[in-house]
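Coordinate inspection notes
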Amino acid sequence: AKLKALSPDELEVLLGERAIGKYGCTGCHEIKGFEGAGPIGTELTTWGSKFTTQLDFGNLGHEIDHNHIAWATNKLKNPRIYDRGKENTKHFDELLKMPKFGFTDAQIDDIVTYLMSRTKRQTATRLAQES
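Residues numbered from 1 in each chain as written. Predicted model: local features only at pLDDT ≥ 70, side-chain atom pairs only at ≥ 80, totals over all residues. Heavy atoms only, no water.

1. Thoughts on the nonpolar core
Ranked by internal contacts, the top residues of the largest apolar core, which has 13 residues, are W47, F57, W71, A72 and Y82. Secondary structure elements with two or more residues in this core: α2 (68-77) and α3 (105-117). With near-sequence residues (within four places) excluded, A72 lies in contact with W47, V112 and L115. (Core = buried A, V, L, I, M, F, W, Y, C linked by side-chain atoms within 4.5 Å. Buried < 20%, exposed > 50% of the residue type's maximum accessible area, 1.4 Å probe, protein only. Helix = DSSP H or I, 4+ residues; strand = E, 2+ residues; numbered from the N terminus. Contact = heavy atoms within 4.5 Å.)

See the structure below:
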């Protein structure tokens, strides 16, 4: 009844707000009215240092190699792949949210390489700069 009472413009605004909240657009974009929204994704600063056991491979079993590169590559190709088989056991709001960006294989390789470089280890260059 509440939705039927909304004008088309009000309905569009409501749907937009819900989509922004669901997909965590504020993780990458500043959006007026969502300044207080928290991050929805994993902190990536030291992602390359994560133990493989910290990566959730979902129900994929042995369909993919259990390593960082395979995990990140599959996540970027099909962001919700790790929810496969969980759709009936998770509430809608608990399902993975990352949108599918349509990255090319070359772009995925570049992003995975960058993610793998994000480690706790300090390089000699960085240490020299800080001295």
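Read on, since the account is not over.
2. Here we look at the packing of aromatic side chains
One pass over the full model with this rule turns up 4 aromatic pairs. Summarising the aromatic geometry, the rings of W47 and W71 are spaced 5.9 Å apart at their centres and angled 40° between planes, so their arrangement reads as tilted. With W47 in the loop between α1 (8-23) and α2 and W71 in helix α2, this pair connects stretches of sequence that are 24 residues apart. Each member of the pair, W47 together with W71, is buried. Ring centres of W71 and Y82 lie 5.1 Å apart, and the angle between their planes is 0°; this geometry places the pair in the stacked category. One end of the pair, W71, is in helix α2; the other, Y82, is in the loop between α2 and α3, and 11 residues separate them in sequence. A relative accessible area of 15% places W71 in the buried class. Ring pairing ties together the aromatic residues W47, F57, W71 and Y82, which thus form one cluster. (Phe/Tyr/Trp six-rings, centres within 6.5 Å; stacked < 30°, edge-to-face > 60°.)

3. Quick look at the environment of E63
Looking at where E63 falls in the secondary structure, it is placed in the loop between α1 and α2. By relative accessible area, E63 is classed as exposed at 54%. Along the chain, E63 and T113 lie 50 residues apart, while their C-alpha atoms are 22 Å from each other. A polar atom in the side chain of E63 sits 2.8 Å from the side chain of R84. (Polar contact = N/O pair within 3.5 Å; in protein donor to acceptor, adjacent residues only side chain to side chain.)

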